[in-house]
There are 2 protein chains.
Amino acid sequence: MSATMADVAREAGVSASTVSRTFSLPETVRADTRERVLAVARRLDFSPNRTASSLARGRTGALGLLVPDIANPYFGEIVKSVQRRARTADRALFLTETGDAHDEAYGLAKAMARQTDGLLLAGPRMPEDMLRSLAAAGPVALIGLHVPQTDCAYAELPVGMRQAVRHLAALGHRRIVYVNGTRTARTAGFRRLMRAACDEFRVELVEHLGPFDLTYDNGRAAADLVPTSGATAVIAHNDMVAHGVAGGLARQGRSVPGDFSLITVDDTYLARAIHPALTAVHVPIDAMGAHGVDLLLARIADPQGPPRLVALPTALTVRESTGRAPAP
Amino acid sequence: MSATMADVAREAGVSASTVSRTFSLPETVRADTRERVLAVARRLDFSPNRTASSLARGRTGALGLLVPDIANPYFGEIVKSVQRRARTADRALFLTETGDAHDEAYGLAKAMARQTDGLLLAGPRMPEDMLRSLAAAGPVALIGLHVPQTDCAYAELPVGMRQAVRHLAALGHRRIVYVNGTRTARTAGFRRLMRAACDEFRVELVEHLGPFDLTYDNGRAAADLVPTSGATAVIAHNDMVAHGVAGGLARQGRSVPGDFSLITVDDTYLARAIHPALTAVHVPIDAMGAHGVDLLLARIADPQGPPRLVALPTALTVRESTGRAPAP
DNA sequence: CGACGTTCTGCAAGCGCCTGCACATAGGCG
DNA sequence: CGCCTATGTGCAGGCGCTTGCAGAACGTCG
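Rules used throughout
Residues numbered from 1 in each chain as written. Chains lettered and ligands numbered in written order. Predicted model: local features only at pLDDT ≥ 70, side-chain atom pairs only at ≥ 80, totals over all residues. Heavy atoms only, no water. Helix = DSSP H or I, 4+ residues; strand = E, 2+ residues; numbered from the N terminus. Buried < 20%, exposed > 50% of the residue type's maximum accessible area, 1.4 Å probe, protein only. Lys, Arg positive; Asp, Glu negative; His and termini not counted. Salt bridge = Lys/Arg side-chain N within 4 Å of Asp/Glu carboxyl O. Contact = heavy atoms within 4.5 Å. Near = heavy atom within 4 Å. Polar contact = N/O pair within 3.5 Å; in protein donor to acceptor, adjacent residues only side chain to side chain. Nonpolar A, V, L, I, M, F, W, Y, C, P; charged D, E, K, R; others polar. Pairing = 2+ DSSP bridges. Right-handed = clockwise from strand over helix to strand, strands pointing away. Axes fitted to C-alpha atoms, helices over the stretch in contact; angles between N-to-C directions. Parallel < 35°, antiparallel > 145°, perpendicular 65-115°, else oblique. Phe/Tyr/Trp six-rings, centres within 6.5 Å; stacked < 30°, edge-to-face > 60°. Least-squares fit on C-alpha atoms with pLDDT ≥ 70 in both. Buried area = accessible area lost by both parts, 1.4 Å probe. Left-handed = near helix turned anticlockwise from the far one by under 90°. Domains from an automatic or database assignment.

1. Some remarks on the side chain of glutamate 77 of chain B
Counting through the fold element by element, glutamate 77 of chain B comes out in helix 5 (residues 73-88). The buried charged residue glutamate 77 of chain B lacks any salt bridge, with arginine 272 of chain B as its nearest oppositely charged partner at 5.8 Å. If sequence neighbours within four positions are ignored, glutamate 77 of chain B has contacts with Ala71 of chain A together with Thr268, Tyr269 and Ile285 of chain B.

Quick look at the structure:
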């Protein structure tokens, strides 16, 4: 099919090694030789075969990204930023959607590890020991959660969550519902955070813990329980759920923020793509993705180095969905 | 690092060829030999090195997917279905986001073509001759648009669009705004369709043609122009824009469908993740992605075959955003 | 002008797997 | 019991690129 190094070498009157070096170690070949080789390469439309190069070098030049659900905007934005960063590092990206099943995700990760130089796991649902086992087998970086002894880029939620509760408290809300899920990596820590923040600001916390996924429909269902809870504000675990809560309240004829205030966490474009736009605990998804790639590249370069953490700040972004608590 | 065929061969007392064959052509190896080899392979945690295999075979086993914007739910859902289908075909997936720049997209496609067996282009923005040139260079399948002489899986919009206009006409709407964009593959055909449908049902068409991208914010801006247009219904080019229009109207205090009816095209989950849920021309994104993969695999298997088209049906899904036109 | 240190280039041996061909073994037939 | 077709297995030569090593070419210095 396409030209090989041998072809270029012949045409340029040099050996294949020289051709190889003009592409991988340009400084080591004399300028005029290099020019000659490049000219021939251009004429023959040659570029080094990546597969062959991978085999010889023992590295593929590709990174693997695993996400539970690509269509979820949170992960969509992560994929986007990872892909962008990977490209600037001249790395191709393998993408796999894992779904929620631990074992399958583990198997997929293992398989992908064999064809990449390293793995990026975004919001993995699997237990810590599986993650550790993967990390032990090859370069791995985590995005969106914090697991000790592992490279991770994650959002520091306490600050943002505390701001959210304080914001509600300042608006006169004394009782808030927290719509949580069961299947996400950050669920447990989240609950602790919420309790702490609510205690601090003397707010009563009603936990609406699903045994449900964080979807629009479940948020909508959760909305039905809000009016009877005695609460005047809702904090939703992510944008999809918040959307559902908003939709559910609207269907009941309740006004946001007139009857209930609503705060979401994550702040993907969904938070703005709704009326009223949602006050949100902003999570720097872009930065998480980019740092995740950087961590992974660092790990690939230095497999033995100590684990590194990148904690990104979160902050409350006030929009239209929060207002004064209605008079009792 | 990990075991090679030579290792397994030695342990199992056979040659490397036999090991190779027990993995790639199991039927050609006698049952008991095969078992022995597999047992050793399992013990040594061996699996064939994909890179080496790719090099020897001249095929990588991977497919490449290019999308303009991953975070757009339309493409998110395409990525999802492509990825799923690719996996069942035991193919890894390379993902690249191209953005809107033609040349860059072309370059990325070229680069990706070298490390995959074939390319899937979803909603590419580049001109037809570039697409043809790519298709001439290697297996390519298009998703979401129809280019003559090329393998494509696309949605047959006339039916759905016609239904949408008929639906509005039946509800008494005599004048509708069509919020279009400029940068999408289907823009031109779309306009023709809209005109034809409106003529057929005696509806006046107001084209609100952006020079804008199909984003939430632009939809929102478009909403400001709707009330003065004299129209009572809006058809938006995709879900993001429709979301924007809905948000914009809500901000103006207009009711949907009380004051204005709204129909969207695509019907990603966004169409339901809003209140009121949007009546939509449903596009079978899942099927498009899956068929795209199938077309590509067929093309890879038979590079010379005639081009194949898969036209998927669209249909109107009525939800809550359309109702009788308000009395004049 | 020879000795010696730099650059630069070529040689050859891989990287791990695939596959056409030859050979061995086994069974079927006359 | 030879001869002839399967059927299984091994051999060896790639696939296209990389890289340690050694030799060539070029300068520099005493």
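2. Let's talk about the protein's contact with DNA strand C
The environment of DNA strand C is made up of 24 residues, and the closest members are Thr18, Arg21 and Thr33 of chain A together with Met5 and Ser20 of chain B. Close to the protein, within 4 Å, the atoms of DNA strand C belong to sugar or phosphate groups at a rate of 68%. Taking arginine 21 of chain A, its side chain carries an N or O atom lying 2.7 Å from a base nitrogen of DNA strand C. In the environment of DNA strand C, a base nitrogen lies 3.4 Å from a nitrogen or oxygen atom belonging to the backbone of alanine 52 of chain B. Among the secondary structure elements, those contributing two or more residues to the surface near DNA strand C are helix 2 (16-24) and helix 4 (50-57) of chain A together with helix 2 (16-24) and helix 4 (50-57) of chain B. Broken down by element, the surface near DNA strand C gets its largest block of residues, four residues, from helix 4 of chain B. Of the residues contributing to the surface near DNA strand C, the split by class is nine nonpolar, 10 polar and five charged.

3. What to know about the pairing of strand 9 (residues 261-266) of chain A
Sheet faces and side chains relate simply in a regular strand, where the side chains alternate between the two faces. Residues and elements named next belong to chain A. Within strand 9, six of the six residues are buried, which leaves the element mostly enclosed by the surrounding structure. As judged from the three bridges shared by strand 8 (residues 233-236) and strand 9, these two strands associate in the parallel manner. Looking across to strand 9, one finds that alanine 233 is bridged to serine 261. Between the parallel elements strand 8 and strand 9, the chain passes through helix 11 (residues 239-251) in a crossover that is right-handed. Judged from the four bridges that link them, strand 9 and strand 10 (residues 279-282) form a sheet pairing that is parallel. Within strand 10, the position partnered with valine 265 by the bridge is valine 281.

4. Description of the packing of helix 6 (residues 102-114) of chain B against helix 7 (residues 128-137) of chain B
All names here are of chain B. Two elements in contact, helix 6 and helix 7, have axes whose closest approach is 11 Å; the angle formed by their N-to-C orientations is 5 degrees. In terms of orientation, helix 6 and helix 7 fall into the roughly parallel class. Seen from helix 6, the contacting residues are His102, Asp103, Tyr106, Ala109 and Lys110; seen from helix 7, they are Met130, Ser133, Leu134 and Ala137. Here the residues of the contact of helix 6 with helix 7 are counted per class, giving five nonpolar, two polar and two charged.

5. A look at the packing of aromatic side chains
Residues and elements named next belong to chain B. Enumeration over the complete set of coordinates arrives at five aromatic pairs over all chains. Ring geometry for tyrosine 74 versus phenylalanine 75: centroids 5.0 Å apart, planes at 75 degrees, classification edge-to-face. The two residues tyrosine 74 and phenylalanine 75 agree in class, both being buried.

6. Some points on the environment of arginine 36 of chain A
Residues and elements named next belong to chain A. Examined against the element boundaries, arginine 36 turns out to sit in helix 3 (residues 31-44). Note on arginine 36: relative accessible area 39%, which makes it partly exposed. In the structure, arginine 36 is positioned 192 residues away from threonine 228 in sequence and 79 Å away in space, judged by C-alpha atoms. With residues up to four places along the chain from it excluded, the contact list for arginine 36 reads Ala12, Gly13 and Val14. A distance of 2.6 Å separates the side chain of arginine 36 from the backbone oxygen of alanine 12, its partner in a polar contact.

7. Quick notes on the protein's contact with DNA strand D
Close contacts around DNA strand D come from 23 residues, with Met5 and Ser20 of chain A together with Thr18, Arg21 and Thr33 of chain B the closest. Protein-adjacent atoms of DNA strand D, using a 4 Å cutoff, are sugar or phosphate at a proportion of 67%. Between a base nitrogen of DNA strand D and a side-chain N or O atom of serine 17 of chain B, the distance comes to 2.8 Å. In this structure, arginine 21 of chain B approaches DNA strand D through a side-chain N or O atom, which is 2.8 Å from a base nitrogen. Those elements giving two or more residues to the surface near DNA strand D turn out to be helix 2 and helix 4 of chain A together with helix 2 and helix 4 of chain B.

8. Considerations on the relation of the copies chain B and chain A
Mapping chain B onto chain A is achieved by rotating through 180 degrees and translating by 0.0 Å along the same axis, at an RMSD of 0.1 Å. Each copy turns onto its partner about a two-fold axis. Every residue of chain B has its C-alpha some distance from the rotation axis, and the shortest such distance is that of phenylalanine 94 of chain B, at 2.3 Å. An overlap of 100% is found between the interface residues of chain B and their copies at the interface of chain A, pointing to a shared contact surface.

9. Structural notes on the interface of chain B and chain A
Across the boundary between the two partners, chain B contributes 46 residues, which contact 46 residues of chain A. For the pair chain B and chain A, the summed buried surface comes to about 3700 Å²; carbon and sulfur atoms form 56% of the total. When the area that chain B buries against chain A is broken down by residue, the three leading residues are Arg87, Arg114 and His275 of chain B, summing to 16%. There are six salt bridges connecting chain B and chain A.

10. Concerning the packing of helix 10 (residues 216-225) of chain B against helix 11 (residues 239-251) of chain B
All names here are of chain B. Packing of helix 10 against helix 11 leaves a shortest axis separation of 6 Å and a crossing angle of 45 degrees. With respect to each other, helix 10 and helix 11 are oriented oblique. Considering how the two elements wind past one another, helix 10 and helix 11 form a crossing that is right-handed. Mapping the contact onto sequence places Tyr216, Gly219, Arg220, Ala223 and Asp224 in helix 10 and Met240, Val241, His243, Gly244, Val245, Gly247, Gly248, Leu249 and Arg251 in helix 11. Tallied by class, the residues present in the contact of helix 10 with helix 11 amount to six nonpolar, five polar and three charged.

11. A short note on the side chain of histidine 167 of chain B
Residue and element names in this part refer to chain B. Within the fold, histidine 167 resides in helix 8 (residues 157-170). What makes histidine 167 buried here is its relative accessible area of 17%. Beyond its immediate sequence surroundings of up to four residues, histidine 167 is in contact with Ile263, Thr279, Leu316, Val318 and Thr322.

12. Let's talk about unusual backbone geometry
Each neighbour pair has its own omega, and for valine 256 of chain A with proline 257 of chain A the value is 10 degrees, a cis peptide bond. Secondary-structure assignment places proline 257 of chain A in the loop between helix 11 and strand 9. A cis amide bond links histidine 275 of chain A with the next residue in sequence, proline 276 of chain A, at an omega value of -5 degrees. When you line up the elements, proline 276 of chain A lands in the loop between strand 9 and strand 10. Even without being glycine, aspartate 267 of chain B reaches a positive phi, approximately 65 degrees. Among the secondary structure elements, aspartate 267 of chain B is positioned in the loop between strand 9 (261-266) and strand 10 (279-282). Judged by its relative accessible area of 8%, aspartate 267 of chain B is buried.

13. Quick notes on the domain arrangement of chain A
Residues and elements named next belong to chain A. Domain parsing of chain A yields domain 1 (5-48), domain 2 (62-155 + 285-312) and domain 3 (156-284). Computed from C-alpha atoms alone, the centre-to-centre distance between domain 2 and domain 3 is 28 Å. Taken together, the contacts link 16 residues of domain 2 with 13 residues of domain 3. Between domain 2 and domain 3, a total of about 1300 Å² is buried, with carbon and sulfur atoms accounting for 60% of that surface. The three residues of domain 2 that bury the most area against domain 3 are Pro73, Ala155 and Ile285, which together make up 36% of that side's buried surface.

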